[in-house]
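Working through the structure, step by step
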Amino acid sequence: MKRQDQHIQIDLQRQQLRLRSGNACIATYAISSARNGAGESRGSECTPRGLHRIRLKIGDGLPENSVFVGRRHTGEIYTPALAAANPGRDWILTRILWLSGLEPGRNRGGSVDSLRRFIYIHGTPDSEPMGQAASHGCIRMRNRELIELFERVSVGTVVDIRERC
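Quick caveat, the model's predicted, so the values are computed rather than measured.

**Concerning the nonpolar core**
Counting residues in hydrophobic clusters, the biggest one holds 21 residues, and the most contacted among them are Ile8, Ile10, Leu17, Leu97, Ile121, Met141 and Leu149. Contributions of two or more residues to this core are made by strand 1 (6–11), strand 2 (16–21), strand 3 (24–30), strand 7 (92–101), strand 9 (139–141), helix 2 (143–152) and strand 10 (158–162). The leading source of residues in this core is helix 2, at 3 residues.

Right, dumping it as structure tokens:
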């Protein structure tokens, strides 16, 4: 399969991510997008819509449940005990696919810039729900599924986020 033919579709209504190659769906994953719904404005804690691309892949080779803060591995591995010691922390785990908007004025530039809003596809604790909106704007995935996706996509892969696909 040619990676340049691949793209990702994210359906916010269905809370689903599909990895596609041309017209064929080659993988489907449950996700969790923003609790506040869809939206592009900085500070809204909404998931931005429109065309994006994967700008950076972060975390290659790190263990599952590796903890990130500011896109840097902290050296920690997520456990329920670590969570109990850090209540309210928004856990970014395992891998990060950092998204950059491709549509000026919609998700690129100014107060709507997805890259500057730090919008990612990232892992989350297994205790967090999938299939329902619960994030602070990012796309959350199960850690094992994120590792699988991470290995299958490249920097530059297009990500189309829609309210309904």
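**Re unusual backbone geometry**
Not every positive phi belongs to a glycine, and Thr94 is a case in point at roughly 70 degrees. Mapped onto the elements, Thr94 comes out in strand 7. With phi around 60 degrees, Phe118 is a residue other than glycine that occupies positive phi space.

**Concerning the packing of aromatic side chains**
Enumeration according to the criterion identifies 3 aromatic pairs in this entry. Summarising the aromatic geometry, the rings of Tyr78 and Trp91 are spaced 5.1 Å apart at their centres and angled 75 degrees between planes, so their arrangement reads as edge-to-face. Of this pair, Tyr78 sits in the loop between strand 6 (72–77) and helix 1 (80–85) while Trp91 sits in the loop between helix 1 and strand 7; the two residues are 13 residues apart in sequence, bridging distant segments of the chain. This pair shows no difference in class: Tyr78 is buried, exactly as Trp91 is. Ring geometry for Trp98 against Tyr120: centres 6.1 Å apart, planes inclined by 85 degrees, an arrangement best described as edge-to-face. Of this pair, Trp98 sits in strand 7 while Tyr120 sits in strand 8 (residues 120–123), placing them 22 residues apart in sequence. By relative accessible area, which is 12% here, Trp98 ends up buried. Chaining the aromatic ring pairs together yields one cluster made of Trp98, Phe118 and Tyr120. One Lys or Arg, Arg95, reaches over the ring of Phe150 and ends 5.5 Å from the middle of that ring.

**Remarks on helix 2**
Burial in helix 2 covers these residues: Asn143, Leu146, Leu149 and Phe150. Mapping the buried residues of helix 2 onto a view down its axis gives an arc of 115 degrees, with all of them on the same face.

**Some thoughts on the layout of surface pockets**
Here the largest pocket is characterised by a volume of approximately 190 Å³. Arg117, Phe118, His136, Gly137 and Cys138 are, among the 13 residues lining the largest pocket, the residues nearest its centre.

**A look at a nonpolar patch on the surface**
A surface patch of nonpolar side chains, amounting to about 200 Å² of accessible area, comprises Leu51, Leu102 and Val158. Inspection of the secondary structure assignment puts Leu102 in the loop between strand 7 and strand 8.

**Here's the deal with the environment of Pro80**
Examined against the element boundaries, Pro80 turns out to sit in helix 1. Residue classification places Pro80 among the exposed residues on the basis of a relative accessible area of 66%. Sequence separation of Pro80 and Tyr29 is 51 residues, and the distance between their C-alpha atoms is 24 Å.

**What about the pattern of salt bridges?**
Across all of its chains, the model carries 11 salt bridges by this definition. Across the salt bridge formed by Asp11 and Arg14, the nearest N and O atoms sit 3.3 Å from each other. The exposure class assigned to Asp11 is buried, which follows from its relative accessible area of 0%. Salt bridges sharing common partners tie together Asp11, Arg14 and Arg18.

Rules behind the numbers
- Residues numbered from 1 in each chain as written.
- Predicted model: local features only at pLDDT ≥ 70, side-chain atom pairs only at ≥ 80, totals over all residues.
- Heavy atoms only, no water.
- Core = buried A, V, L, I, M, F, W, Y, C linked by side-chain atoms within 4.5 Å.
- Buried < 20%, exposed > 50% of the residue type's maximum accessible area, 1.4 Å probe, protein only.
- Helix = DSSP H or I, 4+ residues; strand = E, 2+ residues; numbered from the N terminus.
- Phe/Tyr/Trp six-rings, centres within 6.5 Å; stacked < 30°, edge-to-face > 60°.
- Lys NZ or Arg CZ within 6 Å of the ring centre and 35° of its normal.
- Arc of directions from axis to C-beta.
- 1 Å grid on protein atoms, 1.4 Å probe; cavity = no way out; pocket = protein on both sides within 12 Å on 5 of 7 lines; lining within 4 Å.
- Points joined across faces, edges and corners; volume = space filled by probe spheres on them.
- Patch = residues over 30% accessible without salt bridge, like charges linked within 9 Å, V, L, I, M, F, W, Y side chains within 5 Å.
- Areas by Shrake-Rupley, 256 points an atom, 1.4 Å probe, with all protein chains shown as cover.
- Salt bridge = Lys/Arg side-chain N within 4 Å of Asp/Glu carboxyl O.

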